[in-house]
Each structure stands twice: as structure tokens, then as C-alpha cells.
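Chain by chain, the residues run as shown.
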Amino acid sequence: MVAQRWPELARQGDINRVQRVVRSALGAGLTQVSYLQKPPVLQVELTLSTADITPQQRRRLAGRLGRLVRCGSFGFRQIDLRVAQATAQVLWQTEIVSPPRRLPWALPLGLLVAATGMGGGWWWHSSSSQASLPQGEMPPSLVPAVPEPGAVTVPPVPWAWSVQRVIDRRFLAQALGRQGVRLPAGTAVYVAQIQPGLAGPAYRFYEAGLGAFSQQFWPASTVKILPAVAALEWVHAQGFTSQATVELPWMRDRLERIIDRSIRESSNLDYDLTVQLVGLDGLNQGFLTPERGFPTTQLHRGYSGSLNIYTSPGVTLREGNRRKYIPPRSQRGGGSCAGQGNCANLFEMTEAVRRVVLHGELDAQEQFRIPAEDVARLTESLCRAEPSFFAPGARLALGRVPRICHKPGWVLSRDCVDSGVVIAGGERYLLAVAMPAYRAGDNCQGLSKVAQQVLTALRQAPPAPMPHQLNRGLPVQAQLLSRNGVHEVVVQVTGADRVVVWLDQDALGEQTGVGPEYRWVTRIRTGGERLLRVQAWQGNQVVAYHSQKVTIKGLEVACEVPLTPNAGRVIYRGPTHTPQVALSFDDGPDAKQTRRILDILQREAVPATFFVQGRMVRQSPHLLWRMRTEGHEIANHTTNHPTLTALSGSRVRQEIRTTQDLVCQKAGFRPQYFRPPYGSFDRTTVRLAAELGLSLVIWDVDTRDWQHRNPQRIIQTVQNQARAGSIVLMHDIYGSTAEALPGVIAALRAKGLELVTVAQLLTTPEPPKPPKPNP
């Protein structure tokens, strides 16, 4: 990674010289480089995958950088060098300064430094990390200085956030649809193809149904992998391994056996023991954190019924001649999970298995803090866990018996979950599925069927998005610049002859030729944070992969449209000559429930019309873009949801026009339909709407979902009242409405009705009239 002030690139040649010195001095142990220009000082921060930097490497690096600094053609008078591990622990820090030219004692001091073997003609001071410091901490004297205001830095991108930006949400739904497959309501699917990347594995991510980041399921025993890993890290921090004997007042056993039973046999008692060892607060506040890769997961529920996980009794650890007693610890618990429950999602549960099974292939920052031999034992437990629900379907899809390292979980007559790594010859996948268990004793057979369908779809005709991985390879310098509404991506990388650039899932294209600079120009309508990804090639070999967050200022879009010929109408239902019906949702977009509803509509391939409030658009503008790209219609529902008949004409106009402008800014067009809150309007409302090019759309089927919040009543109302031409009123801010939606769609289809948007319903052509008989 290279962070540098832009667009000042006058000293790029000097940066390239430093890059060559760094690569030649440190070689393969170098994983990340960051440069920051603050003339006359150049700050250089190096991140190593190795545990330390040798004295020989220090002397070689300092000497070569010192020769650069004292060179008359070099553009900086000082290099501030900082070397750290991926955990942020500082290994070495030094300042390399050119000599003062007019001081009479500069030469003797330079000779004194040269005599130490560290170079000549420049001053320096250095500090090494202290072995007694906890991992990730540093003495106050080594805390990096806060960057000056305006300095551009490129922080590492959280893995979970980056996966959300690159995951493909369309391919599986479309591929399963072509097979005639419809996922059962409440099903969530997450899958990734694992392939060789640059100095580590790379992934192509996909999701379907409720997706990888949904929490609409009960994780059950699947989460037992998490305290197992945390317990191994905890004993390792105490100076022990999984071979340590754990002694409690009522039991004595080796930790390896406790963890093996928790994983392989899904023992509830042993799960609770691992939570007690780590401590509930240590588990949630020290291990399950965004910094460790678990921004969502929290565990607050025990399963055995006999152990209280809110207490940690005194425990003695023994291994060989070592013995340590840890006194009792009290736990506060708390957390955001309802009813002191467990919260997780498919992505984070699968992450735990991925980082164990692929441990040896991962960078230090991804690895758990566990000795390699304990990782091997835990991997064996995962690969020998209770028979995978995926196994029969995966065998049919892959044509061979796969090895599945996983952790399943289920609640009888409620939910089935499995997540893990599927290995079949040279093919490797991450696979996680959660779905309802429709009856007791069904043995979660639905997971096997979904696994077969998903893996078959990926093997038959997978798309080819850019694989995603951590930053590796040659230093890459990337920036997104904005000029008069036009966005320019500038990439600099030395040693490549082809560069490909993506923003999230959108390819900006590739450029060929020897750089080092490559440029792309694009127009982007919607603002917000994006993931800029760069892949650099030399011949047929990938030589760099780089990703970073960029913030895009939304493009001001001219969305003026002529008044529609039908503006000013008041519409309660559509034509009845074709069997069509329109679903409409008021009051959103809501960050949680609207996304659930969009997920269901995408899975069912159903378009709908969303009457949005301006105040909600401001909170979740990204959902408008998703609505538009997935074929839904966006309409106006005022800005603040007032009763319009109680307002002055100017206030009514403001309420309608503000939302028109917001939709224009966020989605690039102006709506043509308007729904007054509560269905309350008068002649002034109709006239002002017509002046803005809008027709009023009311409804003829009112589910009253806002009143009773009962999914079955919603479904029954639609089933009883909907007919050809109906406009159905629902609200996308209630969980009960999202829960009812699959049943509503099924009920309408059972009546032979096609689901369309309001615009599609109202523009259906009249059937041709039969010819008049000849007299």
C-alpha cells in the first residue's frame, strides 16, 4: 500500500528509489509499505510478516537509505523510518537525516557514526521493540505521530466491510432461477470459490436468499467454534497449549479433549466450559471485536443448563512442569443480543472455520494467535465433526466424496445451519447455509439440496469477477480524483504492463503498456464509500493486488423531466383486462427492513413500487440505487409524512418537491407518482402534484400491516381482496411485513396474478376490440 499526498507527484522518482532499496534490503518478509510526503521529510512505514528484523537487515537498510539522503539529487533531507509487524508491534524506528553543512563538528560526528558500522555522513537514532510488551502495544515513546491535517493516509480496509462491497448478489439468484430453483423462505446462502492468489489465497464471493450478513436465523451449535478458538488463544497467552490439563473443583481434563468434544460431538457442557475459561467478557470484548474480524457476533447464551457462563471459577492449568492458578473472575455480560442470546451471521461463523483450516496459507494479521500444532488439532476436530448436512449434495455436485471441515448446528423443528470449507481435489469452497427446519426428524435434508444446487451453479457457468484478497505484491499508489463531476482513478505501479481496476463490483476496465501511471475517467451518480481495487499484471503473472476505501461525492444530476400527459390523475387501481397486480410499500427506505424486503423480492424475481419519504432517503440513500438497479419503481411519499390537508399550499409544495429533488440526487431521476400520507388529499394537493408532473396513486387493497403487525392477517387480506388491477398497500418499515411477503407473493401467484410495478400496471395496453360485424 502506498499513501501519498495527491496530486503532488514531483518526487515520484525519489519514492521509486526508496522502494528499490527497501525491496532489496528486506525481500520476501515485506508485506506492506506506506509513504507519506511532508517535505523536507519522507515518512516510510514498513510492515513485516516475520517476527523481527535482523541486525544485518537493519544495517543494510539504514546504510543504503543514508546514502540516498546525503545524495545531492535526492529531494528529501530526512527519512523517518518505522518498521512494524502486522499486529502493529513496532520492531524498529529511526530518523535518517542529512548532515548540517555549516557546522564544524558535523564531520567528526559522521565519522563516529560510521565507526559503529551503521553508515556515514548522517545522524540517526533508533529504538527496538521490547519483548516484554504485550502483542500490539508499544512504549509511549514509539507511538506514531498524528499525521498533519490534510495528509492523505490509506488505512487497511476491514475484511468484512470489503467482502460486503465485492460479494456478488445476482449470479446465484439468476443461476438458480434458470434451473427452476426457488430457495425456501428464510434461507440464507453464502459461498466463496477459493483459488490461488498472490502470496496467499484469493476468493470469489457470492450470496443468495437472505445472504451472508443476515441475522434472520438461530445460529445454535454452529457458534461453538468461536469460544474454542478463543480458549486456545487464552491458554496460549498464559504460556500453555491445548495439551494443558484444566483443573476445576468438579472436573479435570485436557483442554484438547474439551475442545474436541465441543466441536466434534457438539457437546453443550464442553462449549460452556470453553466460555468459562475465556470469560464471557473476555470473549466478547477481547476476541469477538471488529478489530479481530467479528464486528457482528456476540455470545451471551450457554447451552448445557448446568454451568453458569456468567461466572468463571478458579482454574488451575498444568502442562509438564508448569502450573498456573487463575483466580475466579466475575463477568458482566450484557451486549446487544435480545434476551441474552447469541448473535452471529453466516459470514463471521464461516470466517472462524476458514482462518483455522487455511491457517498456514494466511498472512499473520489473519491468523489466530495459536501454535501451529494446536491449529492442526483443531482442524482435525472440524474435519471429523458430526456428518455434514452438505455431504450428499456436495458429492453429487462435485462428482467425488469431498472433505468437509465444518461446524453444523440445528434447533429441532426450527432452523438448520452448517458452515465450513469444502475440499474436493483441486477445488475448494467456503459454504454456509441457514434455513428453516420444517418438521422434526427431517435431518436438515434441505441443506444438502441447497449445497448441490449452489455448487452445481458455480461449476457450470461461474462469472469472472476480480478475485479478492489482502494487499500483496508490488507497491501500488492509487487515488480517486474529482473534477467538475467527473471522477478520475489514477494508479501508479512500477514493474507492470497491464492494470485492471474495479469499484466494488463494477469494472472500470483495463489498460496495457509499461506505466508507471495508468488513468481511468468515469461518471458516478451516487456518492458514498466504495472499495477501489487494483490488480497489476506482468505478462501472464499477477504482480500486485491492492484495495482501499475511497469516498465519492455524489454527482449533481440534472433530472428535470417534462410533465407527463397524465399528471394530476387520482388512481385507486389499474385496468382489469389483464391479470396483473402491483405491490407498493410506503414510508421507507428502512436500513434493515427494506433490505430484507429487497432480498425477498430479488429471490422471487418480483418488481415492486416504493413510495419513499425524503427523511428516510437521507438516512439510507444507497437503498434507492439498489431499488433502481434491481428493477423496482421509486415514487414520492413526501419528506416528513405530514397530513397534507392541514398544511398551507407552500408547505405542501415543499414536502413534495424536496423528496423529488432528493430522489433526483440519489437515484438520477424524478418520480412520476405520488402518494399522500394516510391517503389524505384535497384539490390543492392534486393541483400542486400536477404542477410537479405527478399523479396521485392510492390503493384498493389495504393490508393494515401498520396496525396489527400480524403476518398471517396480511397474507389473508391480500388473498381475499386482491384481483386483477389491484394496488396493494404495505409498509417496508415493519419486520412483520417482511415476514409476510413470501406468503403474499405465493398467494397472488396462486390466484394467477402477475406482479408488476405501478407504472407497468397503468401502462398495460388495452386489448384490441373485436371487429364490428358486417351488416
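Student: Even after reading the chapter, I still don't get the confidence of the model for the chain, so can you show me in this structure?
Tutor: Regions with low pLDDT carry predicted coordinates that are not meant to be interpreted in detail. Chain-level statistics for the chain give a pLDDT mean of 82 and a share of 83% at 70 or above. For residues 1–10, every residue scores under 50 in pLDDT, and the model assigns this stretch 40 contacts once sequence neighbours within four places are set aside.

Student: I'm lost on the pattern of salt bridges in this one. Help?
Tutor: For the structure on display, the rule yields 37 salt bridges. Its salt-bridge partner being Arg292, residue Glu233 comes within 2.8 Å of it at the nearest N-O pair. Placement of Glu233 in helix 6 (residues 225–237) and of Arg292 in the loop between helix 9 (280–287) and strand 10 (311–312) is noted, with a sequence separation of 59 residues between them. Assigned by exposure class, Glu233 and Arg292 land together as buried.

Student: In this structure, what is going on with the state of the cysteines? I would like to understand it.
Tutor: Counted according to the given criterion, the structure contains 2 disulfides. Across a sulfur-sulfur distance of 1.8 Å, Cys383 and Cys405 are joined as a disulfide pair. What sets the handedness of the Cys383 and Cys405 disulfide is the S-S torsion sign, and at about 85° it is right-handed. One end of the pair, Cys383, is in helix 11 (residues 372–383); the other, Cys405, is in strand 14 (residues 403–406), with 22 residues separating them in the sequence. Considered together, Cys383 and Cys405 belong to a single accessibility category, that of buried residues. Put simply, Cys416 and Cys444 are joined by a disulfide, and their sulfur atoms are 1.9 Å apart. Handedness of the Cys416-Cys444 disulfide follows from its S-S torsion of about -75°: it is left-handed. On the criterion of sequence distance, the pair formed by Cys416 in strand 16 (residues 415–424) and Cys444 in the loop between strand 17 (427–436) and helix 13 (445–460) is long-range, its members being 28 residues apart. By relative accessible area, which is 2% here, Cys416 ends up buried.

Student: Could you clarify how one ought to interpret the side chain of Asp705 in this entry?
Tutor: Positionally, Asp705 belongs in helix 19 (residues 705–708). Arg709 provides the closest opposite charge to the buried, salt-bridge-free Asp705, at an N-O distance of 7.3 Å. Among the polar contacts listed, one links the side chain of Asp705 to the side chain of Thr737, at a separation of 2.8 Å.

Cut-off values and rules
- Residues numbered from 1 in each chain as written.
- Predicted model: local features only at pLDDT ≥ 70, side-chain atom pairs only at ≥ 80, totals over all residues.
- Heavy atoms only, no water.
- pLDDT = per-residue confidence, 0-100.
- Contact = heavy atoms within 4.5 Å.
- Salt bridge = Lys/Arg side-chain N within 4 Å of Asp/Glu carboxyl O.
- Helix = DSSP H or I, 4+ residues; strand = E, 2+ residues; numbered from the N terminus.
- Buried < 20%, exposed > 50% of the residue type's maximum accessible area, 1.4 Å probe, protein only.
- Disulfide = S-S within 2.5 Å.
- Lys, Arg positive; Asp, Glu negative; His and termini not counted.
- Polar contact = N/O pair within 3.5 Å; in protein donor to acceptor, adjacent residues only side chain to side chain.

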